[in-house]
Amino acid sequence: LLTTADAVEGAESISVTTSDATVLPASVVGIDHSTDLAVLDVDREGMATAVIGRVTDLDPGAQAVALEREPDADAPAVAAGHVSAVGLRIDTTDGGILHDMIQAALESSPSSGGAVLCSRDGAVLGLMTSREPTADSKYTTTSATVAATTTTTVAVPAGLATRYATPIDYATQLADEIIATGAVRHTWLGVLGDDLDPRRAAALGRSGATLTRVMPDAPAAEAGLEVGDVVVAIDGVIAGVAPTFIE
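Visitor: I'm lost on the overall build of the protein in this one. Help?
Guide: Across its full length, the protein carries 5 helices and 17 strands. Of the contacts made within the protein by residues no fewer than 6 positions apart, 61% connect residues no fewer than 24 positions apart. Of the roughly 13400 Å² of accessible surface on the protein, 52% is carried by carbon and sulfur atoms.

Visitor: Sorry, what's going on with helix H2 (residues 168–181) here?
Guide: Every α-helical turn comprises 3.6 residues, leaving residues that sit three or four positions apart pointing alike. The terminal C-alpha atoms of H2, which comprises 14 residues, lie 20 Å apart, in line with the 20 Å expected from a rise of 1.5 Å per residue. Here H2 has its buried residues at Ile-168, Tyr-170, Ala-171, Leu-174, Ala-175 and Ile-178. Seen end-on, H2 carries its buried residues on one side only, within an arc spanning 155°. What points out from H2, more than 90 degrees from its buried face, is the exposed set Asp-176, Ala-180 and Thr-181. Looking at the buried residues of H2, the elements they touch are strand E1 (2–3), strand E3 (23–32), strand E4 (37–42), strand E9 (124–129) and strand E12 (161–167). Immediately beyond the C-terminal end of H2, within one or two residues, lies Gly-182, with a positive phi of roughly 90°.

Visitor: So what exactly am I meant to see when it comes to the sheet that holds E3 here?
Guide: The strands that make up a sheet pair up through hydrogen bonds in the backbone, lying either parallel or antiparallel. Taken in spatial order, the 4 strands line up as E1-E4-E3-E2 in an open sheet, and their pairing is antiparallel. Both edges of this open sheet fall to E1 and strand E2 (14–17), since each of them pairs with a single strand only. Relative to E4, E1 runs antiparallel, the two being bridged by 2 bridges. Paired with Leu-2 across the two strands is Val-39, which belongs to E4.

Visitor: Please explain the nonpolar core as it appears in this structure.
Guide: Generally speaking, soluble globular proteins have nonpolar side chains that are buried together. Within the largest apolar cluster, 27 residues are counted, with the highest numbers of intra-cluster contacts made by Leu-58, Val-83, Ile-102, Leu-106, Leu-117 and Met-128. Mapped onto this core, the elements with two or more residues apiece are E4, strand E5 (63–69), strand E6 (76–91), strand E7 (97–106), strand E8 (116–119), E9 and H2. In terms of residue count, the dominant contributor to this core is H2 (6 residues).

Visitor: What is the right way to look at the pairing of E5 in this model?
Guide: A regular strand carries its side chains on alternate faces of the sheet. Of the two faces of E5, the one lined by Ala-64, Ala-66 and Glu-68 is fully buried and the one lined by Gln-63, Val-65, Leu-67 and Arg-69 carries no buried residue. Two elements, E5 and E6, share 7 bridges in a ladder whose sense is antiparallel. By the bridge assignment for E6, Gln-63 is matched with His-82. Two strands pair when backbone bridges link them, and E5 and E8 are joined in this way by 4 bridges, in the antiparallel orientation. By the bridge assignment for E8, Ala-64 is matched with Ser-119.

Visitor: Is there a simple way to think about the sheet that holds strand E14 (residues 209–214) in this case?
Guide: The 3 strands are arranged E13-E14-E15 in an open sheet whose pairing can be described as antiparallel. Unpaired on one side and paired on the other, strand E13 (191–195) and strand E15 (230–231) mark the two borders of the sheet. Pairing of E14 with E15 involves 2 bridges; the strand directions are antiparallel. Paired with Ala-209 across the strands is Val-231, a residue of E15.

Analysis parameters
- Residues numbered from 1 in each chain as written.
- Predicted model: local features only at pLDDT ≥ 70, side-chain atom pairs only at ≥ 80, totals over all residues.
- Heavy atoms only, no water.
- Helix = DSSP H or I, 4+ residues; strand = E, 2+ residues; numbered from the N terminus.
- Contact = heavy atoms within 4.5 Å.
- Areas by Shrake-Rupley, 256 points an atom, 1.4 Å probe, with all protein chains shown as cover.
- Expected span 1.5 Å × (residues − 1).
- Buried < 20%, exposed > 50% of the residue type's maximum accessible area, 1.4 Å probe, protein only.
- Arc of directions from axis to C-beta.
- Pairing = 2+ DSSP bridges.
- Core = buried A, V, L, I, M, F, W, Y, C linked by side-chain atoms within 4.5 Å.

Shown next as structure tokens:
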């Protein structure tokens, strides 16, 4: 089972309530604090699996719902809303950075970590974090095209709560690593980067992540990377924007 790290942090015991109200004991397989993800294990066969949505096709403005089970409620709670931005970098108040996040505008804010963001047909889009952005958080929201990098957001109407979710494709990728090894091993290149500005992207005929800093003696420096270099792919995988490059 996939949930948030903050939802199980410091717990002496963990239980999972299924849709038929069965309560099962659970154990922690592994936790990745930097991405606010945790994997739990329960001893039960034949459990239903969620339908995974296509996050790569997600556009701002798409209808969405947040599902959670409130601590004192006997039934799931649902908050309707829409996706207001994708591909966000969020600087959090605990000093961390969350990359490639989905921003959702909801009728009400989930009361606990581990809520699930779904499409209108019930497919899982992301795992919602309870971590808050700083006042000066860098909301970098971009989508890559062949010739340029464009910014797309949808305004959040007054009265709606803004929350953030880790894309489910990235979350399951990390979960697979936790299941295989017990932890996520984050690579370190020793670089800082940002999205290539639209004018330069148009001139080059492609988008990418431009390096703004290369740390001395870091793996990137040893490989010959320099400030101003534009990374367009890693091992043949397109890195059209900075969040994809980091991921």
